[in-house]
Amino acid sequence: MRDAEQRVVLRFFPMRDAKLFAMSRYRLQPTQVQAAALLEHCRHARFVWNLAAEQSSFWKPGRGPAPGFAEQCRQLTEARAEYAWLRAGSAIVQQQALKDFARAMAQFFARTHRKPTFRRRGQNEGFRIVAFKKEDVRRLSRNVGEVKIPKVGWVRFRWSRAVPDGAKSFRVNRDQLGRWFVAFAVAPEPIARPCSGEVVGVDRGVAVSAALSTGELLRVPTLRAVERARLLKLIRQLARARKGSKRRDDVRTAIGRLRAGETARRKDWVEKVTTSLARRFDVIGVEDLRIGNMTRSARGTIEAPGRNVRQKAGLNRSILSASWGRLVMRLEDKAPGRVIKVNPAFTSQRCSVCGVVDGKARESQAAFRCRSCGHAGNADVNAAKNIEVIAAGHAVNARGGDRKTGPGNREPQLVLRPV
Ligand SMILES: [Zn+2]
């Protein structure tokens, strides 16, 4: 019974709220001619997106990798050479549609989002423009602004608030009522590396949300006990409420509000944790989710005995994995080039002191005891320490020097060579 209830919650309120950028949206006011040109951009973006979706739907496990972003870009170039109508459109619009799709697939594999679906005409109409510069937007009067859209020209919008500084891209959308919007996305500023040479490993814990190799244990905030009790009550009411009744709508709204509060708390937590990690450490090692999801079941996640524990663990796990996916994405935004994804195989069974891999060293969810050297401690911290060591090794290879004495700068250097 409980199990079924929880599935209901997850179906009604999927976690698809991972908005990566601060968005500010304005009402776009195109002329009729401009609106037709915008719709053409939408058509191209939809066409390219659906092509990518079709390709990925052919993919079955064991059939080799589905074409990735680079391969799809190559195919797009070919398609543009072949079809005049596609060539007549904006290459930016079409390429960004591919990029959006690649991102959606990455989020799907990270288990933070559902699998991307086909886009339909009249719904999900929109496209994205990158390489947007400050000169591409201007204010005409108190309430009117203009934005330059490739192949369309200057399009007016309602200047309802200041356009944020540092916007690098924008998205144009048309809702089902035919209204046009433009939203400017501001990428978060990368946080300067501390240049301390310090590496940290972060393990997605079983007993806690995340463990650092420094020994810190982090817990993602969830609903308080009172709120959880209320949520369960509402879910029971929802199951009893007649379909299409006003009561059902009210209950769903109440559940949605509780969930939204919890989501906001989790997002806030992710922002704080990622900012802190990016500030304190030069290199941050995390487990590679694509590999992690496959090996996790074999990692020896012991279920504690007792009633309801399994169900609660299931719900907590899905919340955790959503937060974790977001945490890694935000880390990469804030510490670009400093996040190293490592294969998590054996990180929970290997002793971080003597290096012996022992499947029985993990005494419980929380305790690790090495039978070779006697090292005992928190199991998640032990795994985080192993991740730190692997990440440090990768960092050394990437830089081609020793971690302590090597150059702190990993950016490619321009080398002038006599010809
Ligand atoms: Zn040991």
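Residues numbered from 1 in each chain as written. Predicted model: local features only at pLDDT ≥ 70, side-chain atom pairs only at ≥ 80, totals over all residues. Heavy atoms only, no water.

A. Here's a closer look at the overall build of the protein chain. When helices and strands are tallied, the protein chain shows 10 helices and 14 strands. Per-residue burial for the protein chain yields a buried fraction of 41% across its 419 residues. Nonlocal contacts in the protein chain, meaning residues at least 24 apart in sequence, comprise 68% of its contacts between residues at least 6 apart. Total accessible area on the protein chain is roughly 23500 Å²; 54% of this is exposed by carbon and sulfur atoms. (Helix = DSSP H or I, 4+ residues; strand = E, 2+ residues; numbered from the N terminus. Buried < 20%, exposed > 50% of the residue type's maximum accessible area, 1.4 Å probe, protein only. Contact = heavy atoms within 4.5 Å. Areas by Shrake-Rupley, 256 points an atom, 1.4 Å probe, with all protein chains shown as cover.)

B. Region of interest: the coordination of the zinc ion. The coordination sphere of the zinc ion, as far as protein atoms go, consists of C351 (SG), C354 (SG), C370 (SG) and C373 (SG), spread over 2.3 Å. Coordination at the zinc ion comes from 4 donor atoms whose angles at the metal span 105 to 114°, giving a geometry best classed as tetrahedral. All donors of the zinc ion come from a single chain, and their spacing in sequence reads C-x2-C-x15-C-x2-C. Of the two residues, C351 is situated in the loop between β12 (339-342) and β13 (367-369) and C373 in the loop between β13 and β14 (376-378); the sequence distance between them amounts to 22 residues. By relative accessible area, C351 is classed as buried at 1%. Take C373: its relative accessible area is 38%, and that puts it in the partly exposed class. (Donors = N, O, S within 2.8 Å, 3.2 Å for Na, K, Ca; no water. Tetrahedral: all angles 85-135°; square planar, octahedral: opposite > 155°, others 65-115°.)

C. Molecular detail of the nonpolar core. Among the nonpolar cores identified, the biggest contains 37 residues, and L28, F127, I149, F157, F170 and F184 are the most heavily contacted of them. Take this core: its biggest share by element is 8 residues, from helix α2 (residues 32-58). Apart from the residues lying within four places of it in its own chain, the contact partners of F127 are L38, H41, C42, A45, V93, I149, F170, R171 and V172. Judged by nonpolar contacts, the second largest core, of 21 residues, contains A210, L218, W269 and L331. (Core = buried A, V, L, I, M, F, W, Y, C linked by side-chain atoms within 4.5 Å.)

D. Looking closely at the sheet that holds strand β11 (residues 283-287). With mixed pairing, 5 strands are arranged side by side in an open sheet as β10-β9-β8-β11-β12. A strand with exactly one partner marks an edge of an open sheet, and here the two such strands are β10 (217-218) and β12. Direction of pairing for strand β8 (residues 199-204) relative to β11: parallel, over a ladder of 4 bridges. Each bridged residue has a counterpart across the sheet, and for V202 the counterpart in β11 is V286. (Pairing = 2+ DSSP bridges.)

E. Molecular detail of the packing of helix α6 (residues 225-240) against helix α7 (residues 246-280). Look at α6 against α7: their axes get within 9 Å of each other, and the N-to-C directions meet at 150°. With respect to α7, the axis of α6 lies roughly antiparallel. As α6 packs across α7, the resulting crossing turns out to be left-handed. On the side of α6, the interface is formed by E227, R230, L231, L234, I235, Q237 and L238, while α7 contributes R247, R248, V251, R252, A254, I255, L258, R259 and R265. Tallied by class, the residues present in the contact of α6 with α7 amount to 8 nonpolar, 1 polar and 7 charged. (Axes fitted to C-alpha atoms, helices over the stretch in contact; angles between N-to-C directions. Parallel < 35°, antiparallel > 145°, perpendicular 65-115°, else oblique. Left-handed = near helix turned anticlockwise from the far one by under 90°. Nonpolar A, V, L, I, M, F, W, Y, C, P; charged D, E, K, R; others polar.)

F. Seen up close, the packing of aromatic side chains. Counted according to the given criterion, the structure contains 9 aromatic pairs. Here F47 and W85 contribute two aromatic rings whose centre-to-centre distance is 5.0 Å and whose plane-to-plane angle is 75°, an arrangement assigned as edge-to-face. Here F47, found in helix α2, pairs with W85, found in helix α4 (residues 84-87); they are 38 residues apart in sequence, far enough to count as distant. Among the residues examined, F47 registers a relative accessible area of 31% and is labelled partly exposed. (Phe/Tyr/Trp six-rings, centres within 6.5 Å; stacked < 30°, edge-to-face > 60°.)

G. Examining the environment of V342 more closely. Note on placement: V342 falls in strand β12. Judged by relative accessible area, which is 1%, V342 ranks as buried. With residues near it in sequence (within four places) discarded, V342 still touches V286, E287, D288, I387, I390, A391 and H394.

H. View of the pairing of strand β6 (residues 167-174). Of the pairings in the sheet, the one linking strand β2 (residues 125-129) to β6 comprises 5 bridges and is antiparallel in character. Following the sheet pairing, R128 is matched in β6 by R171. Pairing of β6 with strand β7 (residues 180-186), which is carried by 7 bridges, proceeds in the antiparallel orientation. Pairing of N173 across the sheet is with F181, part of β7. In this structure, the hairpin formed by β6 and β7 is closed by a connection of 5 residues, where G178 is found at a positive phi of approximately 85°.

I. Local environment of a nonpolar patch on the surface. Together, F47, L51, Y83 and W85 make up an exposed nonpolar region whose accessible area comes to about 360 Å². If you trace the backbone, L51 turns up in helix α2. (Patch = residues over 30% accessible without salt bridge, like charges linked within 9 Å, V, L, I, M, F, W, Y side chains within 5 Å. Salt bridge = Lys/Arg side-chain N within 4 Å of Asp/Glu carboxyl O.)

J. Broad picture of the pattern of salt bridges. Under the counting rule described, the total for this entry stands at 21 salt bridges. As a salt-bridge pair, R138 and E146 come within 2.8 Å of each other at their nearest N and O atoms. Residue R138 is classed as partly exposed on the basis of its relative accessible area of 38%. Between D282 and R193 there is a salt bridge, and its shortest N-O distance comes to 3.6 Å.

K. Summary view of the packing of α2 against helix α5 (residues 91-109). Running from N to C, α2 and α5 cross one another at 40°; their axes reach a closest spacing of 8 Å. In terms of orientation, α2 lies oblique with respect to α5. Handedness of the α2/α5 crossing: right-handed. In this structure, α2 contributes H41, H44, A45, V48, W49, A52, A53 and S56 to the contact, and α5 contributes V93, Q94, A97, L98, D100, F101, A104 and M105. Here the contact of α2 with α5 is composed, by residue class, of 11 nonpolar, 4 polar and 1 charged.

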